[in-house]
Amino acid sequence: MAPNAPSPMEIESMNDAAIEQVRQQVSDIIDPRYDTKWNMIRWLQSVDYNIPKTVHLLKKHLKWRKDRRLDEPESQSLLQFSDARRKHAPIDIIGPQRVEGGDRLVVVDRAGRIDVAGLMKAVQPTEYLHEMFRTSALSPFIPEQSKQRIVFAGSNWKEELLDIVDKECLPERYGGTIPDDKCLQAFGPIPKSMYWKLPASYPTMEQLHKISVSASKHRMLVYKVDKPDTELLMYSHNENDITITLYYSKDRNSSENDLELAVAPIPKCGLPAMDLFDYNCEFPGYYFVKLANESSWLLPSAYRMIVIEKESGKELEPMNLNEKWVKKGQKSKKK
């Protein structure tokens, strides 16, 4: 069944004034390529057309994009592009979902998921996954608006997909008439020679401090930075999903509501590899790393982390390293 979503006519009649208000309030920071009606609608829909909240969230997102230079040419962007991902896990933009009047795009990734951009995500799960979702083991933790846009299709998933997308707009593999080799990139398994290995310049896993985060709870690490434009290297590892957010304040004792958002929440999936995130602390003061275990409803999660000052090569220890929920790592090796 198709999920609930406003029709183009409904959107046309109810959003012109809201779009204009949002546009005016973000005009000083938005890239012209994203200053479109459909982008504004996407942000408005995500918060039920609350204009102040839309502006707040969109500005934070645009500032993050500017700081990471995501809208610059690839050679200047701080985004890490992966040739391996392009070659072995490509994402294909097929085209409009209708032969005539299509206002959404069909996107296919190699995890078996089909996205109809702006409308839904369709997958072909096992019956177990469908039942687990239906019986609310996971359902309470997913926003209602998001639930309406997710479809767990069964054995007749091709027929369900054709209710939303014309067969002339789908690859043959997914029940359509477009030859697969005309729209789907060829790909192969990643060779073992490309498997990730710990670089010699990284700290060892034993040197990372282990932070325990209870289910549906969060922890906050506090770091004091004395000089402006201090570049930090944040090495981390998490085997389970966790969300990380970075805040800033001039005052060590500021409440969470008074902290300034430095990096918007980043959901991180569990991986066997160590991750490196570099951040330039523009101002001296206190930086708060919030670790939220939002995806777990029963079990705690462990997050391992160490912060190194790039210029000195020395560890910047959190001010609350002695908390009972932190297990100290081994001393960093001198460089």
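Structural data are supplied above this passage.
Below or above, wherever it landed, is the structure these notes cover. Here the structure is a predicted model, which is why all the values come from computation and not from measurement.

Cut-offs and rules
Within each chain, residues carry numbers counting from 1 in the order of the written sequence. The predicted nature of this model means local features are confined to residues of pLDDT at least 70 and side-chain atom pairs, given and counted, to a pLDDT of 80 or more, with totals for whole chains, interfaces and linings taken over all residues. Note that the side-chain values use all heavy atoms of the structure and ignore hydrogens as well as water. Secondary structure elements follow DSSP: runs of H or I no shorter than four residues count as helices, runs of E no shorter than two count as strands, and numbering proceeds from the N terminus. Relative accessible area decides the class of each residue, using a 1.4 Å probe on protein chains only: under 20% of the type maximum gives buried, over 50% gives exposed, and in between gives partly exposed. Strands are labelled as partners when DSSP assigns at least two bridges between them. Put plainly, a pocket is an open set of points on a 1 Å grid over the protein atoms alone with protein on both sides within 12 Å along at least five of seven lines, a cavity is a set where a 1.4 Å probe fits but cannot get out, and a lining residue has an atom within 4 Å of a point. Grid points are joined across faces, edges and corners, and a volume is the space filled by probe spheres set on the points. In this count, Pro and Cys sit with the nonpolar residues alongside Ala, Val, Leu, Ile, Met, Phe, Trp and Tyr, while Asp, Glu, Lys and Arg are called charged and the others, Gly among them, polar. Residue ranges assigned to each domain were obtained from an automatic or database domain assignment. Note on geometry: axes are C-alpha line fits, over the in-contact stretch for helices, and angles between N-to-C directions span 0 to 180 degrees. Should the near helix be turned anticlockwise from the far one by less than a right angle, the crossing is termed left-handed; should it be turned clockwise, right-handed. Whether two residues touch is decided by their heavy atoms; if any such pair falls within 4.5 Å, the residues are in contact. These descriptions rest on fixed angle ranges, namely under 35 degrees for roughly parallel, over 145 for roughly antiparallel, 65 to 115 for roughly perpendicular, and the rest for oblique.

Most peptide bonds take the trans form, and the phi angle of most residues other than glycine is negative. If you check the backbone angles, Asp 48 has positive phi at about 55° while not being a glycine. Here Asp 48 shows up in the loop between α3 (37-46) and α4 (51-67). A positive phi angle, near 60°, is found at Ser 216, a position not held by glycine. Inspection of the secondary structure puts Ser 216 in the loop between β6 (209-213) and β7 (218-225).

Now for the pairing of strand β9 (residues 242-249). Of all 8 residues in β9, 8 are buried; the element is thus mostly enclosed. By the bridge criterion, 7 bridges tie β9 to strand β12 (residues 285-292) in an arrangement that is antiparallel. Considered in β12, the bridge of Thr 243 is made with Ala 292.

Let us now look at the layout of surface pockets. The space that makes up the second largest pocket amounts to roughly 450 Å³. The wall of the second largest pocket is formed by 20 residues, among which Lys 63, Asp 67, Tyr 279, Asn 280 and Glu 282 lie closest to the centre. Counting residues per element, the ones that place at least two in the lining of the second largest pocket are α4, β10 (260-268) and β11 (275-281). Grouping the amino acids of the lining of the second largest pocket by side-chain chemistry returns 10 nonpolar, 1 polar and 9 charged. Both domains that furnish three or more residues to the lining of the second largest pocket are identified here as domain 1 (8-68) and domain 3 (209-327).

Once that is clear, we can look at the packing of α3 against α4. Relative orientation of the contacting elements α3 and α4 amounts to 115°, with a least axis distance of 9 Å. The two elements α3 and α4 cross, and the hand of that crossing is right-handed. Two secondary-structure elements touch here, α3 through Met 40, Trp 43 and Leu 44 and α4 through Ile 51, Thr 54, Leu 57, Leu 58 and His 61. Residues that form the contact of α3 with α4 fall into these classes: 6 nonpolar, 2 polar and no charged.

In contact at an axis separation of 10 Å, helix α2 (residues 16-26) and α4 are set at 40° when each is read in the N-to-C sense. Looking at the two axes, α2 sits oblique to α4. Classified by chirality, the crossing of α4 by α2 is right-handed. Two secondary-structure elements touch here, α2 through Ala 18, Gln 21, Val 22, Gln 25 and Val 26 and α4 through Ile 51, Thr 54, Val 55, Leu 58, Lys 59 and Leu 62. Split into classes, the residues belonging to the contact of α2 with α4 amount to 7 nonpolar, 3 polar and 1 charged.

Reading across the sheet, the 4 strands line up as β7-β12-β9-β10 and stay open at both edges, with antiparallel pairing between neighbours. Two strands bound the open sheet, and with one partner strand each, they are β7 and β10. The average angle at which neighbouring strand axes cross in this sheet is 15°, direction not considered.

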